[in-house]
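# Geometric and topological summary
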Amino acid sequence: MPILEVSGIGKRYGGIVAVEDVSFKVKRGIATGLIGPNGAGKTTVFDMLTGMQRADRGSIRFEGQTITNLASHKISRLGIGRTFQSVRVFGNLSVLENLNIAEANSAAPARHGATDRVHRALALVEMEEHAGKPAGALSYGQRKLVELAMVLVQEPRLIMLDEPVAGVNPGLVERLSDILRRLIDSGISLLLVEHNIRFVTGLCDHIVVLAAARMLADGTPEEIMRNPDVLEAFLGSDH
Ligand SMILES: Nc1ncnc2c1ncn2[C@@H]1O[C@H](COP(=O)(O)OP(=O)(O)OP(=O)(O)O)[C@@H](O)[C@H]1O
Ligand SMILES: [Mg+2]
């Protein structure tokens, strides 16, 4: 059974069709990529999957349970975590304080083991040495790692990452790739929006392509990379 099943979802903002009749499945234990030119509707799909925007139509099932248009905190507590295209951490609080807040908001905040959970998450993103620093003093890429740790503290089974390496320096891109691979190996499923195609094809076993609000293709990285419609959609938008 797929961990996530998206059937015919759609979303309009006034006269703008942001997402139209999009359907795909996310398999358990692998990374799935969601790619497409700017404005294709990728973030809007994430917003609907996480309950941050209402879907006008269609249905979303997580582990067999319908979650369409549930409140976002309920979806998060069912086991879906998410990072944002523009990083969201509390800059004036320390890394540790950021993680403690995320832990307290998790489905089952630990009365005793909270510190363990927080330190495990910090270790997973290799940020232990920065625990006491204000998050605002870190580089952009490091803040993204803190945001990922805030998600990990909640022990989700599916993590959706919206452009995790956009604006991140090349060294950190490599590191993040290793970190995400370890998460996959530990059994976490990933859904990844990213414009860095090498990063996507390096991590993902399955790729879904959106263009102008609609599904264009889905398949293995090899199938996607030799699909003429996909090539045209990307070249057409960038040149
Ligand atoms: N809250 C909103 N209100 C109005 N229009 C929106 C809103 N969010 C997105 N849109 C519009 O919906 C369309 C899809 O946007 P979306 O942000 O989902 O694209 P995207 O694929 O994530 O693009 P990018 O790669 O640039 O992040 C765009 O035309 C965008 O302007
Ligand atoms: Mg986006």
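Positions within a chain are numbered from 1, following the residues in the order the chain's sequence is written. Lettering of chains starts at A and numbering of ligands starts at 1, both following the order in which they are written. With the structure being a predicted model, the display of local features is reserved for residues of pLDDT at least 70 and the display and counting of side-chain atom pairs for 80 or more, all residues being used for whole-chain, interface and lining totals.

### Section: the sheet that holds strand 10 (residues 214-219)
Stated formally: Following DSSP output, two strands are said to pair if at least two bridges run between them. Each helix is a run of H or I in the DSSP string that is no shorter than four residues. Each strand is a run of E no shorter than two, and both are numbered from the N terminus. Angles run from 0 to 180 degrees between N-to-C directions of axes, and those axes are lines fitted to C-alpha atoms, restricted for helices to the stretch in contact. Working definition of a contact: two residues with C-beta atoms, positioned from the backbone, lying within 7 Å.
Overall, mixed pairing links the 6 strands, which are arranged 6-7-8-3-9-10 in an open sheet. Since the sheet does not close on itself, it has two edges, and those belong to strand 6 (80-83) and strand 10, each with one partner. Averaged over all neighbouring strand pairs, the angle between strand axes comes to 15°, with direction disregarded. Strand direction decides the pairing type here: strand 3 (residues 31-35) and strand 8 (residues 189-193), joined by 4 bridges, are parallel. Each bridged residue has a counterpart across the sheet, and for L34 the counterpart in strand 8 is V193. Strands in contact with helix 5 (residues 140-152) are strand 6 and strand 7 (158-162); relative to strand 6, the strand with the most contacts, it is inclined by about 170°.

### Considering the pairing of strand 1 (residues 4-13)
Along any regular strand, the residues point their side chains to alternate faces of the sheet. Looking at chain direction, strand 1 and strand 2 (residues 16-26) are connected through 7 bridges and run antiparallel. Within strand 2, the residue paired with E5 across the bridge is K25.

### A look at the domain arrangement of the protein
Note on interface size: it is often stated as the accessible area lost on association of the parts. The following threshold applies: Boundaries of every domain are those given by an automatic assignment or by a domain database.
Structurally, the protein comprises domain 1 (1-79 + 158-239) and domain 2 (87-155). Of all the elements, helix 6 (residues 170-185) adds the most residues to the side of domain 1 that touches domain 2, at 3 residues.

### Thoughts on the nonpolar core
To keep things clear, this is the line we draw: Here a nonpolar core is just a set of buried residues of the types Ala, Val, Leu, Ile, Met, Phe, Trp, Tyr and Cys, joined wherever their C-beta atoms sit within 7 Å. Every C-beta atom is placed from the backbone, and the number of other C-beta atoms within 10 Å of a residue's own sets its class: buried at 20 or more, exposed at 12 or fewer, partly exposed in between.
Ranked by internal contacts, the top residues of the largest apolar core, which has 69 residues, are L99, A149, L192 and V209. The element that contributes the greatest number of residues to this core is helix 5, accounting for 7 residues. Residues from two domains meet in this core; each of domain 1 (1-79 + 158-239) and domain 2 (87-155) gives at least three. Contact partners of A149, with chain neighbours within four places excluded, come to L99, A121, L122, L124, V125 and M127.

### A word on the site of ligand 1
Quick note on the threshold: Nearness between a residue and a molecule or strand is assessed with a C-beta atom placed from the backbone; a distance within 6 Å qualifies. Residue classes follow a fixed rule: Ala, Val, Leu, Ile, Met, Phe, Trp, Tyr, Cys and Pro count as nonpolar, while Asp, Glu, Lys and Arg count as charged, and any other residue, Gly among them, counts as polar.
Around ligand 1, the neighbouring residues are Y13, I16, A18, G36, N38, G39, A40, G41, K42, T43, T44 and Q85. Elements supplying a minimum of two residues to the shell around ligand 1: strand 2 and helix 1 (42-49). Sort the elements by how many residues they give to the shell around ligand 1 and helix 1 lands first, with 3 residues. Its residues assigned to classes, the shell around ligand 1 comprises 4 nonpolar, 7 polar and 1 charged.

### So, the environment of N169
On the secondary structure map, N169 appears in the loop between strand 7 and helix 6. The class for N169 is partly exposed, based on 13 C-beta atoms found within 10 Å. The sequence separation of N169 and G141 amounts to 28 residues, and the corresponding C-alpha distance is 7.0 Å.

### So, the packing of helix 3 (residues 95-104) against helix 4 (residues 114-124)
Basically, it comes down to this: Angle categories: roughly parallel below 35 degrees, roughly antiparallel above 145, roughly perpendicular from 65 to 115, and oblique for all the rest. Crossing handedness: left-handed means the near helix sits turned counterclockwise from the far one by under a right angle, and right-handed means the same turn made clockwise.
Put simply, helix 3 and helix 4 touch, their axes get as near as 10 Å, and they point 120° apart. Taken together, the axis directions place helix 3 and helix 4 in an arrangement best described as oblique. By crossing handedness, the relation of helix 3 to helix 4 is classed as right-handed. Note on element contacts: helix 4 touches helix 3 through A114, R117, V118, A121 and L122, opposite L96, L99, N100 and E103.

### Concerning helix 1
The buried fraction of helix 1 is high, at 7 of 8 residues. Looking one or two residues beyond helix 1, the residue adopting positive phi is G51, at roughly 75°.

### So, the sheet that holds strand 4 (residues 57-62)
Reading across the sheet, the 4 strands line up as 2-1-4-5 and stay open at both edges, with antiparallel pairing between neighbours. Edge positions in the sheet fall to strand 2 and strand 5 (65-66), since each of these pairs with one other strand and no more. Together, strand 1, strand 2 and strand 4 form the strand contacts of helix 1, whose direction differs from that of strand 2 by roughly 65°.

### Focus on the environment of L191
Residue placement: L191 occurs in strand 8. Considered as a pair, L191 and A107 are 84 residues apart in the sequence and their alpha carbons are 21 Å apart. Ignoring anything within four residues of it in the chain, the contact list for L191 reads V26, T32, L34, L158 and M160.

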